[in-house]
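Listed here are the chains, written in short residue letters.
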Amino acid sequence: MLSNIRIVLVETSHPGNIGGVARAMKNMGLSQLYLVSPKIFPSSDATARAAGADDLLAKAVVCESLAEAIQDCSVVFGASARSRTISWPEITPRACVQIVQSLRPNTSVAIVFGRENSGLKNHELDVCQYLLRIPCNAAFSSLNLAAAVQVVGYEFFLAFGEQATPSIGDAGVNPLATAEQMESFYAHLRETIADIGFLHPDKSKSIMRRLRRIFNRIHLDTKELDILRGILRFSQNHNK
Ligand code: SAH
């Protein structure tokens, strides 16, 4: 999915920022860079700031108009530091990722970033379906161009990058506890709560439900469950 996401920079003034964007993109697994009428490009400043992401600069596509840069994209987001009074639905980078997750695979997506000094013009936002705004200090809301790309790229990396599938449990070494094992743990926990005099079994219904909620959140593996069962056994024996 990351390879279907295009970063479009409109009329960037400082070539160093283009390099900074390339670096931010490569960090986050993005590779498609489109430049609409950059003031100065190619440039040694851009290469220096890219710090090893110069392969992205080498294959960057330079266009004369925004329309050309996004012509084959189905969904276009326009990034702006400013809220606009008119009709664009305004979303956060996280909501942007959720929209992209809901698209059919291989849909081409563009995220358009504006000029350093004046951002995107309204007629440029007209070709965007959504206005993407990074929430930040209302009194100082304009991020550096590369920093803005970094924040948006990070959200995409979390959703689609190498680490998108978290390994639950002890790095997958121990299998997760089964429902049956969890039920026998809960029975043991309930029994222990009664044994140590914490709560009478008749009164334990609502607290057991809350305890289940805690354990449901964390996906115990068999090793972790063994440790907890050990603690329960110890408490019961200690209490005799
Ligand atoms: N002074 C300009 C901001 C330029 S910053 C203005 O008032 O619009 C350069 C670009 O970085 C912006 O056009 C936008 O695409 C992106 N950017 C900066 N801060 C942002 C923010 N808080 N949310 C979304 N995009 C932002």
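Thresholds, definitions, all that
- Residues numbered from 1 in each chain as written.
- Predicted model: local features only at pLDDT ≥ 70, side-chain atom pairs only at ≥ 80, totals over all residues.
- Heavy atoms only, no water.
- Salt bridge = Lys/Arg side-chain N within 4 Å of Asp/Glu carboxyl O.
- Helix = DSSP H or I, 4+ residues; strand = E, 2+ residues; numbered from the N terminus.
- Pairing = 2+ DSSP bridges.
- Contact = heavy atoms within 4.5 Å.
- Axes fitted to C-alpha atoms, helices over the stretch in contact; angles between N-to-C directions.
- Phe/Tyr/Trp six-rings, centres within 6.5 Å; stacked < 30°, edge-to-face > 60°.
- Lys NZ or Arg CZ within 6 Å of the ring centre and 35° of its normal.
- Near = heavy atom within 4 Å.
- Polar contact = N/O pair within 3.5 Å; in protein donor to acceptor, adjacent residues only side chain to side chain.
- Areas by Shrake-Rupley, 256 points an atom, 1.4 Å probe, with all protein chains shown as cover.
- Nonpolar A, V, L, I, M, F, W, Y, C, P; charged D, E, K, R; others polar.
- Domains from an automatic or database assignment.

## Side note on the pattern of salt bridges
Under the definition given, this model contains seven salt bridges. One salt bridge in this structure joins Lys26 and Asp55, with 3.0 Å as the shortest N-O distance. Taken together, the positions of Lys26 in helix 1 (residues 15-27) and Asp55 in helix 3 (residues 54-58) put the pair 29 residues apart, joining distant regions of the chain. Here Glu183 and Arg212 are joined by a salt bridge, their closest N and O atoms 2.8 Å apart.

## What about the sheet that holds strand 1 (residues 5-10)?
Strand order in this open sheet of seven strands is 3-2-1-6-4-7-5, and the pairing throughout is parallel. Two strands close off the open sheet at either side, each with one partner strand: strand 3 (61-63) and strand 5 (90-91). Alignment of strand 1 against strand 2 (residues 32-36), held across five bridges, turns out to be parallel. Residue pairing across strands places Val10 opposite Val36, the latter belonging to strand 2. Those strands touched by helix 1 are strand 1 and strand 2, and its axis lies near 160 degrees from that of strand 2.

## Side note on the packing of aromatic side chains
Counted according to the given criterion, the structure contains five aromatic pairs. Measuring from centroid to centroid gives 6.1 Å for Phe156 and Phe160, while their planes differ by 25 degrees, and the two rings are stacked. Linking Phe156 with Phe160, this pair stays in helix 7 (residues 145-160), spanning four residues, or about one helical turn. Just above the ring of Tyr34 sits the side chain of Arg6; from NZ or CZ to the centre is 3.9 Å.

## Topic: the site of the ligand
What surrounds the ligand is a group of 20 residues, the closest being Ala79, Gly114, Ile134, Ser141 and Leu143. Separating an oxygen atom of the ligand from a backbone N or O atom of Gly114 is a distance of 3.0 Å. Coverage of the ligand by the protein chains reaches 92% of its 540 Å² of free accessible surface. Its residues assigned to classes, the shell around the ligand comprises nine nonpolar, seven polar and four charged.

## Some points on the environment of Glu11
Turning to its location among the elements, Glu11 is positioned in the loop between strand 1 and helix 1. For the pair Glu11 and Lys39, spaced 28 residues apart in sequence, the C-alpha separation works out to 6.3 Å. The residues contacting Glu11, other than those within four sequence positions of it, are Val36, Ser37, Arg115 and Glu116. A polar atom in the side chain of Glu11 sits 3.0 Å from the side chain of Arg115.

## Some thoughts on the domain arrangement of the chain
We note that the domain assignment places domain 1 (2-159) and domain 2 (179-239) within the chain. Distance from the C-alpha centre of domain 1 to the C-alpha centre of domain 2: 50 Å.

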